[in-house]
Amino acid sequence: MWNETAEKMSRVEMRKLQSTRLRNVVKHAYHNSPFYRRKMQEMDITPDDIQSIDDIVKLPFTVKQDLRDNYPFGLMAVPMSEIVRLHASSGTTGKPIVVGYTRKDLAVWKEGVSRCLTAYGVTKDDSIQVSYGYGLFTGGLGAHDGVENIGGTVIPMSSGNTQKQIQLMHDFGAKGLACTPSYALFLAETIHESGIPLEEFQLRVGAFGAEPWTENMRKELEEKLHIKAYDIYGLTEICGPGVGGECECQDGTHLWEDHFFPEIVDPVTLQPVEPGKQGELVFTTLTKEGMPMLRYRTRDLTALHYETCACGRTAVRMDRILGRSDDMLIIRGVNVFPSQVEAVILELPEFEPHYFMIIDRVNNTDTFLIQVELRPDYYSDEMNRMLALKKKIADRLLSVIGIRPEIKIMEPHSIERSQGKAKHVQDNRKLL
Ligand code: ADP
Ligand code: ZN
């Protein structure tokens, strides 16, 4: 373990530490952020009302719109001279938001990534190819700093230039690959097509995140690349990748809760939900200086588990993210997450793990089309066989998500491959 004291701290000790740190961060926010002072005054609370971590429920929530309203620097709680780095969210959903980090904030972030890498079995003897985008997006630089921090060798590829990616991965003997799971899939496909035998690669570990992915996608990537594929989770508002990561047990993503305190709330009532129950993930940064976040609503849907993990870590574990509440599609009244569709497509051996969903409205009824690629061995000139395959996937989706899509079988490679966060949905109803 990178930090055994923190990762294996008893629950009682952890609550104590979190209480102390919460008191400090609330004082910091109240005295140095006009935004939080106003919010707390509106709720008629002062830092004195926050004595232990249990008092967190008294604090106001923060939402993405608050960051937009205070664009660019309105939420900084230190003078700009203390800010050593700026990042912005990739803007998957709307206008970008900006986050500033002090030197200490960067140290905490690196610490988080270092814990993840160590949990994956990466050491200072290994080289890691970082194929997350570098720049304002937190993925590239976040992973980069973590690898350097544990003393490993960074191969700072950034995303894109896929042919060169596999050439250097091969020539430099990269042991690990850090990128989005969808880009890892594209790289795997490119390796297979290159004709370079997989045995000539040293790759053993994948650090995949920045977008939802399923257990079936993990299997697919592990088989295609002969690696162990691990989850890494994070978001710009909190720091970036490394808020948490999986361990060797691959049984939930450990969150580094001595720095980032997680809660699960009901997204409608905003009341806390029981451990193990699904809801919206909310974070409070316990040690952040530059731009502390109190009860930040991520919109990510998941559940938390507090039992000690088989790896020995006590750090709370999070289920795979089902998706963001704003990724949820309502099609003919049925709630559908892209990750549910992914799970079904990847379970069927006849189909490639690439898909694209198009939703529209015709004559006041929603239409739901899913484009998929068939694996070459399953191609057939017989109309009946192709119809049977379409029926198979549509039936399966009906039973899992409760709605029957129309299926379109696409030519190999015709669905766009992603180099960063994959785009799986086009909802034309938004244009109506
Ligand atoms: P943007 O909001 O523009 O996508 P970020 O890069 O900060 O900006 O994205 C963070 C979001 O990405 C998270 O809130 C979550 O929805 C998603 N995400 C990050 N890591 C994972 C992961 N391991 N599994 C599922 N979703 C993830
Ligand atoms: Zn574990």
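Thresholds applied
- Residues numbered from 1 in each chain as written.
- Chains lettered and ligands numbered in written order.
- Predicted model: local features only at pLDDT ≥ 70, side-chain atom pairs only at ≥ 80, totals over all residues.
- Heavy atoms only, no water.
- Salt bridge = Lys/Arg side-chain N within 4 Å of Asp/Glu carboxyl O.
- Helix = DSSP H or I, 4+ residues; strand = E, 2+ residues; numbered from the N terminus.
- Buried < 20%, exposed > 50% of the residue type's maximum accessible area, 1.4 Å probe, protein only.
- Axes fitted to C-alpha atoms, helices over the stretch in contact; angles between N-to-C directions.
- Parallel < 35°, antiparallel > 145°, perpendicular 65-115°, else oblique.
- Contact = heavy atoms within 4.5 Å.
- Nonpolar A, V, L, I, M, F, W, Y, C, P; charged D, E, K, R; others polar.
- 1 Å grid on protein atoms, 1.4 Å probe; cavity = no way out; pocket = protein on both sides within 12 Å on 5 of 7 lines; lining within 4 Å.
- Points joined across faces, edges and corners; volume = space filled by probe spheres on them.
- Domains from an automatic or database assignment.
- Buried area = accessible area lost by both parts, 1.4 Å probe.
- Patch = residues over 30% accessible without salt bridge, like charges linked within 9 Å, V, L, I, M, F, W, Y side chains within 5 Å.
- Areas by Shrake-Rupley, 256 points an atom, 1.4 Å probe, with all protein chains shown as cover.
- Core = buried A, V, L, I, M, F, W, Y, C linked by side-chain atoms within 4.5 Å.
- Donors = N, O, S within 2.8 Å, 3.2 Å for Na, K, Ca; no water.
- Pairing = 2+ DSSP bridges.
- Right-handed = clockwise from strand over helix to strand, strands pointing away.

Quick look at the pattern of salt bridges
A side chain with one charge can pair with a side chain of the opposite charge if their charged atoms come near.
And then number 1: What the rule picks out here adds up to 33 salt bridges.
And then number 2: The salt bridge involving Arg15 is made with Asp54; its shortest N-O contact spans 2.6 Å. Here the residue Arg15 occupies a position in helix H2 (residues 11-32), and Asp54 occupies one in the loop between helix H3 (34-42) and helix H4 (64-69), the gap between them amounting to 39 residues.
And then number 3: Judged by its relative accessible area of 33%, Arg15 falls in the partly exposed class.
And then number 4: Exposure remark for Asp54: the relative accessible area of 52% places this residue in the exposed category.
And then number 5: The salt bridge involving Arg361 is made with Asp366; its shortest N-O contact spans 2.9 Å.
And then number 6: Residue classification places Asp366 among the buried positions, given a relative accessible area of 9%.

Some thoughts on the packing of helix H5 (residues 103-119) against helix H6 (residues 138-149)
And then number 1: In contact at an axis separation of 8 Å, H5 and H6 are set at 70° when each is read in the N-to-C sense. Considering their axes alone, H5 and H6 lie roughly perpendicular with respect to each other. When H5 is examined against H6, the residues Trp109, Lys110, Glu111, Val113, Ser114 and Leu117 are found in contact with a partner set consisting of Thr138, Gly142, Ala143, Asp145, Gly146, Val147 and Asn149.
And then number 2: Looking at the contact of H5 with H6 residue by residue, the classes come out as five nonpolar, five polar and three charged.

Here we look at the layout of surface pockets
And then number 1: Estimates place the volume of the second largest pocket at around 280 Å³.
And then number 2: Considering the residues around the second largest pocket, the lining is formed by 20 residues, among which Arg15, Phe261, Pro262, Glu263 and Tyr306 are closest to the centre.
And then number 3: Going through the elements one at a time, H2 and strand E10 (260-265) are the ones with two or more residues in the lining of the second largest pocket.
And then number 4: Tallying contributions element by element places E10 first for the lining of the second largest pocket, with four residues.
And then number 5: Split into classes, the residues belonging to the lining of the second largest pocket amount to eleven nonpolar, two polar and seven charged.

Side note on the domain arrangement of the protein
And then number 1: Domain parsing of the protein yields domain 1 (1-324) and domain 2 (329-431).
And then number 2: Distance between the C-alpha centres of domain 1 and domain 2: 30 Å.
And then number 3: Taken together, the contact between domain 1 and domain 2 spans 25 residues of the former and 18 residues of the latter.
And then number 4: Roughly 1800 Å² is buried in total at the junction of domain 1 and domain 2, and carbon and sulfur atoms are behind 53% of that figure.
And then number 5: For domain 1, the biggest contributors to the area lost against domain 2 are Glu189, Asn216 and Leu322; these three give 26% of the whole.
And then number 6: At the surface where domain 1 touches domain 2, the tally comes to two salt bridges.

Points about a nonpolar patch on the surface
And then number 1: Nonpolar side chains collect at one region of the surface, where Phe73, Met80 and Leu86 lie side by side and expose about 240 Å² of accessible area between them.
And then number 2: Mapped onto the elements of the fold, Leu86 is located in strand E1 (residues 83-88).
And then number 3: For Leu86, a relative accessible area of 35% translates into the label partly exposed.

Considering the nonpolar core
Side chains of nonpolar character tend, in soluble globular proteins, to be buried together.
And then number 1: Core analysis: the biggest nonpolar cluster contains 64 residues, and Leu22, Leu59, Tyr120, Tyr233 and Phe283 have the highest contact counts within it.
And then number 2: The element that contributes the greatest number of residues to this core is H5, accounting for six residues.
And then number 3: Setting aside anything within four residues of it in sequence, one finds Tyr120 in contact with Val205, Ala207, Tyr230, Asp231, Ile232, Gly245 and Glu246.
And then number 4: In this structure, Ala174, Leu177, Tyr183 and Leu185 belong to the second largest nonpolar core, which totals 27 residues.

Observations regarding the coordination of the zinc ion (ligand 2)
And then number 1: Protein ligation of the zinc ion (ligand 2) involves Cys247 (SG), His254 (NE2), Cys309 (SG) and Cys311 (SG), the donor distances falling in the range 2.1 to 2.3 Å.
And then number 2: Written as a sequence motif, the donor arrangement for the zinc ion (ligand 2) is C-x6-H-x54-C-x1-C. Of this pair, His254 sits in strand E9 (residues 253-255) while Cys311 sits in the loop between strand E13 (304-305) and strand E14 (317-318); the two residues are 57 residues apart in sequence, bridging distant segments of the chain. Accessibility classification places His254 together with Cys311 in one group, the buried group.

A few points about the pairing of strand E8 (residues 240-246)
And then number 1: The buried fraction of E8 amounts to seven of the seven residues, a majority that puts the element mostly inside the structure.
And then number 2: Two elements, strand E7 (residues 228-235) and E8, share four bridges in a ladder whose sense is antiparallel. Bridge pairing in E8 places Leu235 opposite Gly240.
And then number 3: Here E7 folds back onto E8 in antiparallel fashion, the turn holding four residues.
And then number 4: Pairing between E8 and E9: three bridges, direction antiparallel. Looking at E9, one finds that Gly244 is bridged to Leu255.
And then number 5: Remark: six residues form the turn of the hairpin made by E8 and E9, two consecutive strands paired antiparallel; Gln250 in that turn has positive phi of roughly 50°.

Let's talk about the pairing of E7
And then number 1: For E7, the buried fraction is high: six of the eight residues fall into the buried class.
And then number 2: Where strand E6 (residues 205-209) meets E7, five bridges bridge the pair, whose relative direction is parallel. Within E7, the position partnered with Ala207 by the bridge is Tyr230.
And then number 3: Between E6 and its parallel partner E7, the chain crosses via helix H9 (residues 215-225), and the hand of that crossover is right-handed.

So, the sheet that holds E10
Across a sheet, strands are paired by hydrogen bonds formed along the backbone, either parallel or antiparallel in direction.
And then number 1: Spatially, four strands are ordered E10-E11-E12-E15 in an open sheet, and the strand pairing comes out antiparallel. The open sheet has two edge strands, E10 and strand E15 (323-324), and neither has a second partner.
And then number 2: In this sheet, strand E12 (residues 296-302) lies alongside strand E11 (residues 279-285) in antiparallel orientation, the contact comprising four bridges. Within the sheet, the bridge partner assigned to Glu280 lies in E12 and is Leu301.

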